[in-house]
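Coordinate inspection notes
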Amino acid sequence: MNLRMISTAIALALSAMLLGAGVYESVVVAPNLSGAPPSLEHARGFYRATNPGMFFRVLAPSTQIFLLLALVCNWGPVPVTRWRLAGAMALAILGDVVTFKFHYPRNAILFSDPLTLPAADLDRIAREWALGNYVRIAVILTAMVLVMVSMIRIARDTVPGEPRYSSSSSAR
């Protein structure tokens, strides 16, 4: 194993964790937010000690750091790998932009602000949050696929005894 492969493998694992956590929120957390305000009161009670944001505040930047490291380690050998990893990093950053611009304001309404809005408005905001999470999942999934394809290419290019950095697939 070399640094090109290790950095990309870690970026892939972190991207997969990010994807899995996002899917978990859509499948398990989001459906429990409907039926406000009682559902939100229960969620607030459940998230008393910690919340998913604490996990994402560590995982998302870690993923971006390792995507950057993978990008730097793979900058020269194969241009297509470089652009795939750059695209994955851009998508990971886009996922955070969606989080900060779209989800954080809704998180404040759902989990922090006084529950003074009408129940219909709270349910609408919960549905918006859930739909926005599907967008975020699609962005992260696309980033993860780009990292996976990059890793396959790196593995093929670093096999001992094989032609390296070939642009044609017929050499394999």
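Quick note: structure is the one above.
Overview of the structure. (Residues numbered from 1 in each chain as written. Predicted model: local features only at pLDDT ≥ 70, side-chain atom pairs only at ≥ 80, totals over all residues. Heavy atoms only, no water.)

1. Observations concerning the overall build of the protein
- Looking only at helices and strands, the protein features five helices and zero strands.
- Starting at the N terminus and walking to the C terminus, you meet the elements of the protein as α-α-α-α-α.
- Relative to the 2.2 N^0.38 estimate, which gives 16 Å for 172 residues, the radius of gyration of the protein is 20 Å and therefore markedly larger than a compact globule would have.
- Taking the principal axes of its C-alpha atoms as reference, the protein extends roughly 65 × 30 × 20 Å.
- Going through the 172 residues of the protein one by one, you find that 40% of them count as buried. (Helix = DSSP H or I, 4+ residues; strand = E, 2+ residues; numbered from the N terminus. Rg over C-alpha atoms; globule rule 2.2 N^0.38 Å. Buried < 20%, exposed > 50% of the residue type's maximum accessible area, 1.4 Å probe, protein only.)

2. Digging into the nonpolar core
- Within the largest apolar cluster, 24 residues are counted, with the highest numbers of intra-cluster contacts made by L12, L18, L19, L67, L85, A88 and V147.
- Ranked by the residues each element gives to this core, the list is headed by helix α5 (residues 119-157), at eight residues.
- Other than its neighbours up to four places away in sequence, L12 contacts M144, V147, M148 and M151. (Core = buried A, V, L, I, M, F, W, Y, C linked by side-chain atoms within 4.5 Å. Contact = heavy atoms within 4.5 Å.)

3. What to know about the layout of surface pockets
- Here the largest pocket defines a volume of roughly 630 Å³.
- Taken together, 30 residues form the lining of the largest pocket, with P52, G53, F56, Y104 and N107 sitting closest to its centre.
- When contributions to the lining of the largest pocket are tallied by element, the ones reaching two or more residues are α1 (3-29), α3 (52-73), α4 (79-111) and α5.
- Looking at the lining of the largest pocket, the element that brings in the most residues is α4, giving 10 residues. (1 Å grid on protein atoms, 1.4 Å probe; cavity = no way out; pocket = protein on both sides within 12 Å on 5 of 7 lines; lining within 4 Å. Points joined across faces, edges and corners; volume = space filled by probe spheres on them.)

4. Section: the packing of α1 against α5
- The contact between α1 and α5 brings their axes to 9 Å, and the two run at 160 degrees. One finds that α1 runs roughly antiparallel with respect to α5. In the crossing of α1 with α5, the sense of the turn from one axis to the other is left-handed.
- Here the contact of α1 with α5 is built from residues that sort into 19 nonpolar, five polar and three charged. (Axes fitted to C-alpha atoms, helices over the stretch in contact; angles between N-to-C directions. Parallel < 35°, antiparallel > 145°, perpendicular 65-115°, else oblique. Left-handed = near helix turned anticlockwise from the far one by under 90°. Nonpolar A, V, L, I, M, F, W, Y, C, P; charged D, E, K, R; others polar.)

5. Focus on the side chain of D123
- Among the structural elements, D123 can be located in helix α5.
- Not counting residues within four places of it along the chain, the set of residues in contact with D123 comprises L33, S34, G35 and A36.

6. Side note on the pattern of salt bridges
- The final tally for this structure, using the stated rule, is four salt bridges.
- The salt bridge partner of E128 is R106, with a shortest N-O separation of 3.1 Å. Of this pair, E128 sits in helix α5 while R106 sits in helix α4, and the two are 22 residues apart along the sequence.
- For E128, a relative accessible area of 24% corresponds to the partly exposed category.
- Put simply, R124 and E128 hold a salt bridge, and the shortest N to O gap is 2.8 Å. Placement of the pair is R124 and E128 together in helix α5, with a separation of four residues, close to one helical turn.
- Here R124 falls in the partly exposed class, since its relative accessible area comes to 35%. (Salt bridge = Lys/Arg side-chain N within 4 Å of Asp/Glu carboxyl O.)

7. Quick word on empty space enclosed by the protein
- Tallying each qualifying case throughout the model produces one cavity of 30 Å³ or more.
- Of the voids in this model, the largest cavity is the one considered here, and its volume is about 40 Å³.
- As for the largest cavity, its lining consists of S15, L18, T63, L67, A88, A92, I140 and A143.
- Every element with two or more residues in the lining of the largest cavity is listed here: α1, α3, α4 and α5.
- Grouping the amino acids of the lining of the largest cavity by side-chain chemistry returns six nonpolar, two polar and no charged.

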